[in-house]
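For reference, the chains in residue letters:
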Amino acid sequence: MLPFQERVELTQLNTFGFYSIAERYIKIESVDLLQQLVDHQHHSTDPLLVLGGGSNLILDDEVPGIVAHMRLRGKQLLKVAQDEVLLKVSAGEAWHETVEYAVNQGFYGLENLALIPGTVGAAPIQNIGAYGVELQDRVVSVEVLDIHSNSLHHLTKDQCQFGYRDSLFKSLDPGRYIILSVTFALTRNPTPQLDYLALKEQCEMLAQGVTITPKHVFEAVCAIRQAKLPDPNHLGNVGSFFKNPYVDPSTYAQLMESYPNLVGFVEADKYKLAAGWLIEACGFKGYRSKSVGVYDKQALVLVNYGQGNRAQIEALAGQIYRSVLERFGVALEVEPRYYPALILSE
Ligand code: FAD
Ligand code: NAP
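Anyway, here's the lowdown on the structure attached to this text. It should be emphasised that the depicted structure is a prediction, and the values quoted were computed from it without experimental measurement.

## A word on the site of ligand 2
- Surveying the vicinity of ligand 2 reveals 19 residues, the closest of which are Tyr164, Tyr196, Lys228, Lys272 and Gln298.
- Here tyrosine 196 contributes a side-chain N or O atom positioned 2.5 Å from an oxygen atom of ligand 2.
- One nitrogen or oxygen atom from the side chain of asparagine 244 is found 2.8 Å from an oxygen atom belonging to ligand 2.
- For the shell around ligand 2, the secondary structure elements donating two or more residues are β8 (129-130), α6 (214-228) and β13 (236-240).
- Broken down by element, the residue count for the shell around ligand 2 peaks at three residues, all from β13.

Laid out in structure tokens, this is it:
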């Protein structure tokens, strides 16, 4: 018998803080137990949600089927050389603590990704990114359990098909693979990545004239994020609610003509627009509707003031989506995952 718990409250297990009840819940602390669960799923029609830190999920009041809470723990150093450090980390380890551990050991490369909530196992799902670094820049391979065959595999970085807040796990073959561990390639050579202006300025302030180190980058990212983003322990949120949209050069040129202050960045043959700027320009910054709203320091973040729920967020997100579309002709895409999936009506 698998150690299921019935009707478990998930309110503390999702960073929006939405009241939510899982029909069945199981804590996964070993690969063996996970394989038993997958075996059970081969004889069941129950839906399965793999839950990490719940920081990229929009849960409904009732979550049908099984919630498997990933708690696999452990870190392993596979190689330590000056140029390359290979670090394998289990899926249930906390992301930020992993970054902090690496920086403290002098293993560099993850510092721009400090203070992102959630687990290591969820990081490849949307190829987490911040301040000019994405997970894919530091990953060698991802160890997975393929639920079709209930067998373990290592996927190379290329096989993961990472994209902008996207991967094989999210859009091409969603739900097929459960991530067990991630192996990172880091370095002991300090190479701060300071493309983002706010980060560069904060680092310069911290370094006070001496050479900027990865530790400065780590501290600067933490300081900026603490000042600008709501702490989910105090104000429920899932970080950026929409992805930054990409437009072609001619659309960008037209938009710039009408909105000279538009914030956009050229990347290869397209332009990435700052979704937060578009939302703010539509007047939503600080806007509140019922128990949910738009954060007053960053319009890309939707917040739960306490009694909010998924229906309220969905309504607010729809309002924002329509406003941005009407004004700029740009369709925003929701970044976090609605679970269960939304049923879209015409
Ligand atoms: P969950 O929310 O639990 O799950 C997310 C998805 O991953 C779900 O589909 C789930 O089923 C799946 N999943 C989880 N674990 C596994 C696994 N082991 N195997 C297979 N599937 C799995 N994101 C960024 O990219 N950059 C940021 O800078 C950033 N900043 C944030 C700041 C705040 C304040 C918040 C609240 C969120 C932020 N996020 C950011 C979003 C979020 O933290 C990340 O997407 C994070 O990786 C989600 O991890 P999680 O463990 O909480 O995943
Ligand atoms: P910001 O620094 O105010 O920048 C606004 C937007 O402009 C960002 O979305 C960023 O795109 C883009 N940008 C800024 N400088 C850039 C540069 N030099 N090159 C390319 N693009 C640039 O953003 P912020 O809200 O404070 O967030 C800071 C970082 O943390 C961003 O990277 C953001 O993605 C990340 N973050 C992510 C989440 C999430 O949930 N996904 C939540 C909070 C913060 P990018 O978003 O593509 O980087």
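## So, the pattern of salt bridges
- Within this structure, the stated rule accounts for 14 salt bridges.
- Of the charged contacts, one joins glutamate 93 and lysine 75 as a salt bridge, the two residues approaching to 3.8 Å between their closest N and O atoms. Remark: lysine 75 occurs in strand β6 (residues 75-80) and glutamate 93 occurs in the loop between β7 (85-90) and α2 (95-105); sequence separation between them is 18 residues.
- A relative accessible area of 10% places glutamate 93 in the buried class.
- Judged by relative accessible area, which is 36%, lysine 75 ranks as partly exposed.
- Between glutamate 280 and lysine 285 there is a salt bridge, and its shortest N-O distance comes to 3.5 Å.
- What makes lysine 285 partly exposed here is its relative accessible area of 33%.

## So, the packing of aromatic side chains
- Scanning the model with the defined rule gives ten aromatic pairs in all.
- Judged by centre distance (5.3 Å) and plane angle (70°), the ring pair of phenylalanine 241 and phenylalanine 242 falls under edge-to-face. Accessibility classification places phenylalanine 241 together with phenylalanine 242 in one group, the buried group.
- Here a set of aromatic residues connected by ring pairs shows up, and it is made of Tyr259, Trp277 and Phe328.

## A word on the nonpolar core
- Among the nonpolar cores identified, the biggest contains 43 residues, and Trp95, Leu110, Leu135, Phe169, Phe184, Leu186 and Leu199 are the most heavily contacted of them.
- Among the elements of the structure, β7, α2, β10 (139-146), α4 (168-172), β12 (177-186), α5 (197-207) and α6 are those that each provide at least two residues to this core.
- Among the elements that make up this core, the one with the highest residue count is α6 (six residues).
- Here this core spans two domains, since at least three of its residues come from each of domain 2 (75-187) and domain 3 (197-228).
- For leucine 135, the contacting residues outside a window of four places in its chain are Trp95, Leu113, Ala123, Pro124, Asn127, Ile128, Phe162 and Phe184.
- One finds Phe18, Cys282, Phe328 and Tyr338 within the second-largest nonpolar core, a separate group that totals 31 residues.

Conventions used here
- Residues numbered from 1 in each chain as written.
- Chains lettered and ligands numbered in written order.
- Predicted model: local features only at pLDDT ≥ 70, side-chain atom pairs only at ≥ 80, totals over all residues.
- Heavy atoms only, no water.
- Near = heavy atom within 4 Å.
- Polar contact = N/O pair within 3.5 Å; in protein donor to acceptor, adjacent residues only side chain to side chain.
- Helix = DSSP H or I, 4+ residues; strand = E, 2+ residues; numbered from the N terminus.
- Salt bridge = Lys/Arg side-chain N within 4 Å of Asp/Glu carboxyl O.
- Buried < 20%, exposed > 50% of the residue type's maximum accessible area, 1.4 Å probe, protein only.
- Phe/Tyr/Trp six-rings, centres within 6.5 Å; stacked < 30°, edge-to-face > 60°.
- Core = buried A, V, L, I, M, F, W, Y, C linked by side-chain atoms within 4.5 Å.
- Domains from an automatic or database assignment.
- Contact = heavy atoms within 4.5 Å.

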